[in-house]
Amino acid sequence: MTDPSLQRRLAAIVVADVVGYSRLMEADEVATLENLRELRSGTIEPAVMRHKGRIFKVMGDGFLIEFGSAVEAVAAALEMQLANAAVEASGDRRLLLRIGVNLGDVIDEGSDVLGDGVNVAARLERLAAPGGICISSSVHGEILGKIDDRFFDAGERYLKNLTRPVHV
């Protein structure tokens with residue numbers, strides 16, 4: 001049953017997280033924090049702004065971002081990964097992102113966004129390879145023919161704490 005007081009809507013959710021952040025902080029807190037700040041201001045925030053998104057939550061090395069379009073969400077995720085890979089290749093930074101993208105129903109809770117759409121994106125992020133992006137089939141259906149990058153079908157997956165499988 002739905003609560004009529006809740007503000008529901010469809011959104012594309014991107015969850016990005018730094019791979020091995022705790023290990024990096026243990027090895028060199030100052031450099032890791034500096035690299036994280038540069039990653040956020042130099043790569044993540046510009047990509048989000050260019051693709052009309054909004055960072056709605058930051059948790060240390062993790063970013064939850066919403067977009068009104070699955071195409072814009074994936075374009076921003078690809079831009080983040082490509083920009084970060086270029087910096088990584090130059091040896092200036094050692095932070096790799098893992099990104100999950102889902103299109104689903106969300107609930108507005110003040111400036112926060114909650115719900116199944118966010119939870120699935122967070123679980124997809126955990127499946128992504130370091131430097132990679134994992135998307136749901138709902139996102140894939142929206143970007144087909146609109147984004148040139150190829151995504152590989154990983155089939156139905158049961159994700160942590162979700163009762164139904166998600167096509168990845």
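Cut-off values and rules
Residues numbered from 1 in each chain as written. Predicted model: local features only at pLDDT ≥ 70, side-chain atom pairs only at ≥ 80, totals over all residues. Heavy atoms only, no water. Helix = DSSP H or I, 4+ residues; strand = E, 2+ residues; numbered from the N terminus. Rg over C-alpha atoms; globule rule 2.2 N^0.38 Å. Buried < 20%, exposed > 50% of the residue type's maximum accessible area, 1.4 Å probe, protein only. Contact = heavy atoms within 4.5 Å. Areas by Shrake-Rupley, 256 points an atom, 1.4 Å probe, with all protein chains shown as cover. pLDDT = per-residue confidence, 0-100. Expected span 1.5 Å × (residues − 1). Arc of directions from axis to C-beta. Polar contact = N/O pair within 3.5 Å; in protein donor to acceptor, adjacent residues only side chain to side chain. Salt bridge = Lys/Arg side-chain N within 4 Å of Asp/Glu carboxyl O.

Caption draft 1: The arrangement of the overall build of the protein chain in detail. What the protein chain contains, in helices and strands, is five helices and eight strands. Reading the protein chain from its N terminus to its C terminus gives the helix and strand order β-α-α-β-β-α-β-β-α-β-α-β-β. For 168 residues, the compact-globule estimate of 2.2 N^0.38 gives 15 Å, and the C-alpha radius of gyration of the protein chain, at 16 Å, lies within 12% of that figure. When its C-alpha atoms are laid out on the principal axes, the protein chain stretches across 50 × 35 × 30 Å. Looking at the protein chain as a whole, 42% of its 168 residues qualify as buried. For the protein chain, the share of sequence-separated contacts (at least 6 apart) that also reach a separation of at least 24 residues comes to 68%. As displayed, the protein chain offers around 9,000 Å² of accessible surface, 52% of which is attributable to carbon and sulfur atoms.

Caption draft 2: Structural context of the confidence of the model for the protein chain. Averaged over every residue, the pLDDT of the protein chain is 91; residues scoring 70 or more account for 93%. Per-element confidence in the protein chain ranges from a low mean pLDDT of 85 for helix H3 (residues 70-90) to a high of 98 for strand E3 (residues 62-67).

Caption draft 3: Layout of unusual backbone geometry. With a phi close to 60°, Lys 52 is a non-glycine residue in the positive phi region. If you trace the backbone, Lys 52 turns up in the loop between helix H2 (29-50) and strand E2 (54-59). Phi at Asn 161 takes a positive value of approximately 65°, unusual for a residue other than glycine. The residue Asn 161 is located in the loop between strand E7 (156-157) and strand E8 (166-167) in this model.

Caption draft 4: Here's a closer look at helix H4 (residues 116-127). Here H4 contains twelve residues, and its C-alpha end-to-end distance of 17 Å stays within 8% of the 16 Å for a straight helix at 1.5 Å per residue. For H4, the set of buried residues is Gly 117, Val 118, Val 120, Ala 121, Leu 124 and Glu 125. Take H4 and look down its axis: the buried residues cluster within an arc of 165°, on one side only.

Caption draft 5: Broad picture of the side chain of Arg 98. Following the sequence through the fold, Arg 98 ends up in strand E4 (residues 97-109). Only 3.4 Å separates the side chain of Arg 98 from the side chain of Glu 125, close enough to count as a polar contact. In contact with Arg 98, other than residues within four places in its own chain, are Val 15, Ala 16, Asp 17, Val 19, Gln 81, Glu 125, Arg 126, Ala 128, Ala 129, Pro 130 and Gly 132.

Caption draft 6: Examining the pattern of salt bridges more closely. On inspection of all chains with the given rule, the structure shows eleven salt bridges. Here Glu 79 and Arg 50 are joined by a salt bridge, their closest N and O atoms 2.4 Å apart. One end of the pair, Glu 79, is in helix H3; the other, Arg 50, is in helix H2, and 29 residues separate them in sequence. Judged by relative accessible area, which is 23%, Glu 79 ranks as partly exposed. One network of salt bridges, in which partners are shared, links Arg 9, Arg 54, Glu 66 and Asp 108.

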